There are 4 protein chains.
Amino acid sequence: MPTSRLEAFSDGVIAIAITLLVLEIKIPSREGASLAHALLDQWPAYLSYAVSFLTVGIIWVNHHSMFSHLGRADPVVHFLNLGLLMTIAFVPFPTAVVAEFIERSSDERAAAVLYGALFTLMAVFFNVLWQYMIRKPGLLRADADPRQIEAISRSYRPGIPLYGLATTVAFLSPIASVALFGAIALFYMLSPLRR
Amino acid sequence: MPTSRLEAFSDGVIAIAITLLVLEIKIPSREGASLAHALLDQWPAYLSYAVSFLTVGIIWVNHHSMFSHLGRADPVVHFLNLGLLMTIAFVPFPTAVVAEFIERSSDERAAAVLYGALFTLMAVFFNVLWQYMIRKPGLLRADADPRQIEAISRSYRPGIPLYGLATTVAFLSPIASVALFGAIALFYMLSPLRR
Amino acid sequence: MPTSRLEAFSDGVIAIAITLLVLEIKIPSREGASLAHALLDQWPAYLSYAVSFLTVGIIWVNHHSMFSHLGRADPVVHFLNLGLLMTIAFVPFPTAVVAEFIERSSDERAAAVLYGALFTLMAVFFNVLWQYMIRKPGLLRADADPRQIEAISRSYRPGIPLYGLATTVAFLSPIASVALFGAIALFYMLSPLRR
Amino acid sequence: MPTSRLEAFSDGVIAIAITLLVLEIKIPSREGASLAHALLDQWPAYLSYAVSFLTVGIIWVNHHSMFSHLGRADPVVHFLNLGLLMTIAFVPFPTAVVAEFIERSSDERAAAVLYGALFTLMAVFFNVLWQYMIRKPGLLRADADPRQIEAISRSYRPGIPLYGLATTVAFLSPIASVALFGAIALFYMLSPLRR
């Protein structure tokens, strides 16, 4: 299968997952507090929406840069990529759990751990896929620049530790953990500017 | 990253957001008034559906004309575009809030302000992205026609004031504000006909 | 704007609308009758799912054949196409209403009329768009074969009357009306076989 | 119609269906047991999510390999493909039913049978479509390699019996049946590695 089609399918899943996030934000009911108050009161839903949107957005950019060096996809690439997509497509669920529980329940710690655990799993799939691509002979494009490959490897390296750390922070402060994932996404998005 | 892929991803998000709008329209329950009555009674849901659909449709057309002049995307373009997509993907939420509250609750003002505020924020992202594209050297295509660039800039200029005005109208009449957003979308859609 | 991009966007909206249909089918609750019974009992939901799926599938095939002859899209084409997409993206709503009311409520007539009215409106947009394309000079491809154009016009001609008739049947028998829309879709899908 | 567009539409529907699966996983309520407990308690939802995701992922890979040999699509191909897409787009429904009933209700057998029956129907459409493609003269590409065609036919042959068997297992043990579908997907995904 040409890698372009694998990439188009992955793009489709990522675009859909990122756009489904909004469906998890609850419409306030007409009974109850004033609408303005109800809207402000569910700020964790907007925060988790924004953090998940940025994180999946970054994943999309990185997914592309990864696949731009791939010349040929074997069944393991398919399998690992499907695993990665399965975690990305799952993002709306912990996002909604965080929106429901963060700052609103004594269960907020479990919500933030779930959220962080999924992103960490996503980072694991991401790194395993990349390591497989660069180690299995014959998968990268013939013209792939070794220095660029090494630069990508280096930029991915802090991913799992950073995500693991942010998940651990959830045990101390769930809201800080979610905010940290947002900060990581912003950092990854804007860091190319330093070059 | 080639801009074609950035555009394809954006198109995907926009197409999904516009198609998700329908999910926010409630199915009347079998208990309650007659179906015909219940269907007519939720006319604000159809109105907000149509206005949001047309507005996002216009945004899609403009997004394309903007990117057709882009030769190269840098990280800031990615970041601003992701911000723009985040507001577009958010549209189903205020659309549903308007459907639930307009003409049906004393809270309709807050609903219409939320609706207008999101569209205004969308216009801000749109304009910041465009201004960045045309001011940062080396982003536009080498063959971009300065007169066409200037014509686009001119056509975008009234966007923020118009959207801001329509949002302000919500304080006087929420339903008029929503209708005004519909009128703006129709105007933008049909104005090329005058040429 | 190249027509290929207009087509890709339309394809996206149609593919999403057709796939969202399933979300309107209710998951039976664990309280209540046996699952097998509950599943069988909501057969109108499966019927309306299948009829809407086939109808939108046919619309997709026809939309493509229509656009394959288009050489250039002007603002009116954009506007009419957006109107058509707005009705297609709306299909999940009346489909769910039919699933909820047909054969299950005295309101089934209103449900079937809504269903038929939307499909008829879809056919109207479809025909207006096609008539505009072939009458406005300079829109069709230079190499468009007049006989093929005429053949398409002829095949579209019965659309509005047929859909209008099927809608009218809803006043006599709502379930027959829905079934008739299914039969029309099957007929359109299989009629090219006679050639 | 060029087969590339048929394929792109099919890819879109498959990508959307696979990504909608997550919407069927319920957000635990703030009232009730602890969140951690509630999350663990709905493990059947994660299982059915993963099994459906992998199965649809495999279907996507196979759909591509099938269409890569197609040179021309006639109306029957369109019709059968639409039938196949209709079953794929339906997957979120039985997936949600399994999530709700498996290991949680005396109705779990009916849930697993529904799940298996849909996948079996999917396999039937798949095989009928493939058999039609290879038997109707003039549909395959002129350069299609007969040995590859035969290899595909051979690899599809066990599909219906395997799926039928896994469905039958539901009468003995519903959870084993669901797990078996997962095992079949993993097997199909990893079997190319043996070569």
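Worth saying up front: this structure is predicted, and the values here are computed from it rather than measured. (Residues numbered from 1 in each chain as written. Chains lettered and ligands numbered in written order. Predicted model: local features only at pLDDT ≥ 70, side-chain atom pairs only at ≥ 80, totals over all residues.)

Asks: Before we move on, could you go through the overall build of chain A and cite the residues and values that matter?
Replies: The secondary structure content of chain A amounts to 9 helices and 0 strands. Seen in sequence order, chain A has helices and strands lined up from the N terminus as α-α-α-α-α-α-α-α-α. Principal axes of the C-alpha set define a box for chain A whose edges measure 65 × 30 × 30 Å. (Helix = DSSP H or I, 4+ residues; strand = E, 2+ residues; numbered from the N terminus.)

Asks: How would you sum up the nonpolar core? Please name residues and give values.
Replies: Counting 247 residues, the largest nonpolar core has A:I88, B:I88, C:I88 and D:I88 as its most contacted members. Beyond its immediate sequence surroundings of up to four residues, A:I88 is in contact with A:V13, A:I14, A:A17, A:V56, A:I59 and A:M122. (Core = buried A, V, L, I, M, F, W, Y, C linked by C-beta atoms within 7 Å. Buried ≥ 20, exposed ≤ 12 C-beta atoms within 10 Å, placed from the backbone. Contact = placed C-beta atoms within 7 Å.)

Asks: So what's going on with the interface of chain D and chain A? Which residues, and what values?
Replies: On the chain A side, the residues contacting the 26 residues of chain D number 30 residues. Breaking the side of chain D that touches chain A down by element, the ones donating at least two residues are helix 1 (3-20), helix 2 (35-41), helix 3 (43-67) and helix 9 (174-190) of chain D. Partitioning the side of chain D that touches chain A into residue classes produces 19 nonpolar, 5 polar and 2 charged. (Nonpolar A, V, L, I, M, F, W, Y, C, P; charged D, E, K, R; others polar.)

Asks: Please give an account of the relation of the copies chain D and chain A that cites residues and values.
Replies: Rotating chain D by 90° and moving it 0.0 Å along the rotation axis overlays it on chain A with an RMSD of 0.0 Å. Taken together, the turn and the small shift mark the pair as related by a four-fold rotation axis. Mapped onto chain A, only 12% of the interface residues of chain D again fall at the interface, so the copies present different surfaces. (Least-squares fit on C-alpha atoms with pLDDT ≥ 70 in both.)

Asks: Can you lay out the interface of chain B and chain C for me, pointing to particular residues and giving the numbers?
Replies: Contacts between chain B and chain C engage 26 residues on the former and 30 residues on the latter. Elements with a minimum of two residues in the side of chain B that touches chain C: helix 1 (3-20), helix 2 (35-41), helix 3 (43-67) and helix 9 (174-190) of chain B. A breakdown of the residues in the side of chain B that touches chain C according to their chemical character gives 19 nonpolar, 5 polar and 2 charged.

Asks: Lay out the relation of the copies chain B and chain C with the relevant residues and their values.
Replies: With an axial shift of 0.0 Å and an RMSD of 0.0 Å, the rotation relating chain B to chain C amounts to 90°. Different-surface contact between copies: only 12% of interface residues of chain B are shared with the interface of chain C.

Asks: An account of the environment of C:Y163 is needed here, citing residue identities and associated values.
Replies: All names here are of chain C. Along the chain, Y163 falls in helix 8 (residues 159-172). A tally of 24 C-beta atoms within 10 Å means that Y163 is categorised as buried. A C-alpha to C-alpha distance of 18 Å links Y163 and V61, two positions 102 residues apart in sequence. In this view, Y163 contacts G116, F119, T120 and A123; residues no more than four positions away in its chain are not counted.

Asks: Lay out helix 4 (residues 75-90) of chain C with the relevant residues and their values.
Replies: An ideal rise of 1.5 Å per residue puts 22 Å on 16 residues; helix 4 of chain C measures up with 22 Å between its terminal C-alpha atoms. By the burial criterion, the buried members of helix 4 of chain C are C:V77, C:F79, C:N81, C:L82, C:G83, C:L84, C:L85, C:M86, C:I88, C:A89 and C:F90. (Expected span 1.5 Å × (residues − 1).)

Asks: Any chance you could break down the packing of helix 3 (residues 43-67) of chain C against helix 9 (residues 174-190) of chain C for me, citing the residues and the numbers?
Replies: Residue and element names in this part refer to chain C. Interaxial distance between helix 3 and helix 9 falls to 9 Å at its minimum, and their mutual angle equals 35°. The interaxial crossing formed by helix 3 with helix 9 has left-handed handedness. Contacts from L47, S48, A50, V51, L54, T55 and I58 of helix 3 reach helix 9 at V178, F181, G182, A185, L186, Y188 and M189. For the contact of helix 3 with helix 9, the residue count by class is 11 nonpolar, 3 polar and no charged. (Axes fitted to C-alpha atoms, helices over the stretch in contact; angles between N-to-C directions. Left-handed = near helix turned anticlockwise from the far one by under 90°.)

Asks: Which residues make up unusual backbone geometry, and what values do they have?
Replies: Unusually for a residue other than glycine, C:E103 sits at a positive phi of about 65°. Looking at where C:E103 falls in the secondary structure, it is placed in the loop between helix 5 (92-101) and helix 6 (108-135).

Asks: Describe the environment of B:A179, with residues and values.
Replies: Examined against the element boundaries, B:A179 turns out to sit in helix 9. Along the backbone, B:A179 and B:L47 are 132 residues apart, and their C-alpha atoms lie at a distance of 8.1 Å.

Asks: How would you explain the environment of D:R5 if you had to name every residue and give the values?
Replies: Residues and elements named next belong to chain D. On the secondary structure map, R5 appears in helix 1. In this structure R5 comes out as partly exposed when scored by C-beta crowding, with 16 C-beta atoms within 10 Å. Sequence-wise, R5 and G182 are 177 residues apart; in three dimensions their C-alpha atoms are separated by 31 Å.

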